[in-house]
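Listed below, chain by chain, are the residues.
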2 protein chains.
Amino acid sequence: MNTVQIKPTPEPTLRRLPLYHQVLIQLKERGVKEVSSTTIANELKLDSVQVRKDIEHVQIVGKPRIGFNIDELILAIEKYLNWDNLTEAFLVGSGHLGFALAGYKNFAKYGLNIIAAFDNDPEKIGTTVHGIPVLDPLKIPDLARRMHIHIGVLAVPAEAAQENADLLIEGGIKGIWNFAPTQIKAPFGIVVENAQLTASLSFLKRKLTEQH
Amino acid sequence: MNTVQIKPTPEPTLRRLPLYHQVLIQLKERGVKEVSSTTIANELKLDSVQVRKDIEHVQIVGKPRIGFNIDELILAIEKYLNWDNLTEAFLVGSGHLGFALAGYKNFAKYGLNIIAAFDNDPEKIGTTVHGIPVLDPLKIPDLARRMHIHIGVLAVPAEAAQENADLLIEGGIKGIWNFAPTQIKAPFGIVVENAQLTASLSFLKRKLTEQH
DNA sequence: TAGATTGTTAATCGATTAACAATC
DNA sequence: TAGATTGTTAATCGATTAACAATC
């Protein structure tokens, strides 16, 4: 066994931690120095015990009666979610969504740095989007391997998703952030996270049906 | 009690149904007419009993030995997720992301029709994005109410999220699809669905840390 | 000290998985 | 008919919630 085994964090916890971070940033801007689990819980309409259990995972201890040091907690969450570790990524697809993603400066905060974009439109190859060069997708495998790229952001139409995912996988990519509204197949060990805009929208529409 | 009470669908089911739909569309394109829960489950690396349980919610019955009629199932999911019911929506924020969302023709498939955009940049007011007029955000409450708009899509920077959400709420909106990387406060009864791009990215990065 | 909040242990809840009879 | 698949009931698992002692 040569890889370090880390106890996997429950998925719900992992999805809540970024929310805590958002709340903490808001509180910090208001000058708050120490924050209790109750405060965070109230902001998000969650249970305070749940918040404390989640915080346990990031290895931060609080002080009875006072709560958690807000700076310490913010940094610990950032470290835990790996935001302090800037990862270089390839963007595949430079259509509307790809263009928006390339221009989204915030990603740097979350440790993602898009260093190249790929598009099979010959008119786009050789140009740049938001200062990022647009290259031929056929170059993905070779470039990804030589540059040790670990994340690919997939923002192509559904029909083109699998073939471009395959190019990324061929290049030794470890994780794919999939914005295409389709399921892609990847070998075991490759992490595929679906951004799932349409699932999110469906969820909203169904909730509205159930309530009104 | 004057509102129809519908048994709420478990959230995990609601998040999986759009995935089933994607798989079914792919299978249908390959000419498949009848599909078993096992087939769907294998495509998504899920359990077939779970798939059957989820399908129960959409009120479709299958045939032992054969499975489910693919067209019937696709339509039932679309109906259940309310995709067949085109809802008009306002888009707030016409920056990079807003621009991409306005141009994302696929949303119509999922029953969302963006009919107006709002931006507080005076240079943008009066122009159009992808054929959609850009208006002054101050007009949101009045217009939303008069046009009976039920969904607001929030694609503004974090700092501007709450104030624009408030305008939508003032206009009687029922649901907010929030793309801003911040939590917004809304009164009870208003559904807020966070698109949570950053949460999705964090999730991917953490998974990579845990595996490698 | 008194009281608010943490951290932990136990109880509950709900979703997933297993087992299996019904059915085409 | 035999066998694959559904639909259902029961068992398991894991996450949430409740209870409470420890602590500053």
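In this report, the structure presented in the accompanying data block is examined. (Residues numbered from 1 in each chain as written. Chains lettered and ligands numbered in written order. Predicted model: local features only at pLDDT ≥ 70, side-chain atom pairs only at ≥ 80, totals over all residues. Heavy atoms only, no water.)

1. Describing the sheet that holds strand β4 (residues 112–118) of chain B
Residue and element names in this part refer to chain B. Here seven strands make up an open sheet; going across it, the order is β5-β6-β4-β3-β7-β8-β9 and the pairing mixed. The sheet is open, and its two borders are formed by β5 (128–129) and β9 (191–194), each paired with just one other strand. The pairing of β4 with strand β6 (residues 132–135) spans two bridges and is parallel. Looking across to β6, one finds that Ala117 is bridged to Val134. Set on the sheet, helix α7 (residues 158–170) makes contact with β3 (87–92), β7 (151–154) and β8 (175–178); between it and β7 the angle comes to about 165 degrees. (Pairing = 2+ DSSP bridges. Helix = DSSP H or I, 4+ residues; strand = E, 2+ residues; numbered from the N terminus. Contact = heavy atoms within 4.5 Å. Axes fitted to C-alpha atoms, helices over the stretch in contact; angles between N-to-C directions.)

2. Observations concerning the protein's contact with DNA strand C
Lining the immediate surroundings of DNA strand C are 23 residues, of which Ser37(A), Arg52(A), Gly62(A), Arg65(A) and Arg16(B) lie closest. Of all DNA strand C atoms lying within 4 Å of any protein atom, the proportion belonging to sugar or phosphate reaches 54%. At a separation of 2.8 Å, a base nitrogen of DNA strand C approaches a polar side-chain atom of Arg52(A). If you list the elements that add at least two residues to the surface near DNA strand C, you get α3 (48–57) of chain A together with α1 (11–29) and α3 (48–57) of chain B. (Near = heavy atom within 4 Å. Polar contact = N/O pair within 3.5 Å; in protein donor to acceptor, adjacent residues only side chain to side chain.)

3. So, the relation of the copies chain A and chain B
Each copy superposes on the other: chain A lies on chain B with an RMSD of 0.0 Å after a rotation of 180 degrees and an axial shift of 0.0 Å. On this basis, the relationship between the two copies can be described by a two-fold rotation axis. Residues of chain A ranked by C-alpha distance from the rotation axis are headed by Ala100(A), positioned 3.1 Å from it. (Least-squares fit on C-alpha atoms with pLDDT ≥ 70 in both.)

4. A look at the interface of chain A and chain B
Contact with chain A, which involves 67 residues of that partner, is made by 67 residues of chain B. Interface area for chain A against chain B, summed over the two sides, is near 6400 Å², with a carbon-plus-sulfur share of 61%. When the area that chain A buries against chain B is broken down by residue, the three leading residues are Phe203(A), Lys205(A) and Arg206(A), summing to 12%. For the pair chain A and chain B, the interface holds two salt bridges. Between chain A and chain B we count 30 residue pairs in polar contact (both at pLDDT 80 or more) in total. Sorting elements by how many residues they give to the side of chain A that touches chain B places helix α8 (residues 197–211) of chain A first, with 15 residues. For the side of chain A that touches chain B, the residue count by class is 32 nonpolar, 23 polar and 12 charged. (Buried area = accessible area lost by both parts, 1.4 Å probe. Salt bridge = Lys/Arg side-chain N within 4 Å of Asp/Glu carboxyl O. Nonpolar A, V, L, I, M, F, W, Y, C, P; charged D, E, K, R; others polar.)

5. Examining the sheet that holds strand β7 (residues 151–154) of chain A
The strand order across the open sheet built from seven strands is β5-β6-β4-β3-β7-β8-β9 (chain A), with neighbouring strands paired in mixed fashion. The two strands at the open ends of the sheet, each matched to only one other strand, are β5 (128–129) and β9 (191–194) of chain A. In the sheet, β7(A) pairs with strand β8 (residues 175–178) of chain A via four bridges, with the strands oriented parallel. Bridge pairing in β8(A) places Leu154(A) opposite Asn178(A). Across the face of the sheet, helix α8 (residues 197–211) of chain B comes into contact with β3 (87–92), β4 (112–118), β7, β8 and β9 of chain A while running at roughly 170 degrees to β9(A).

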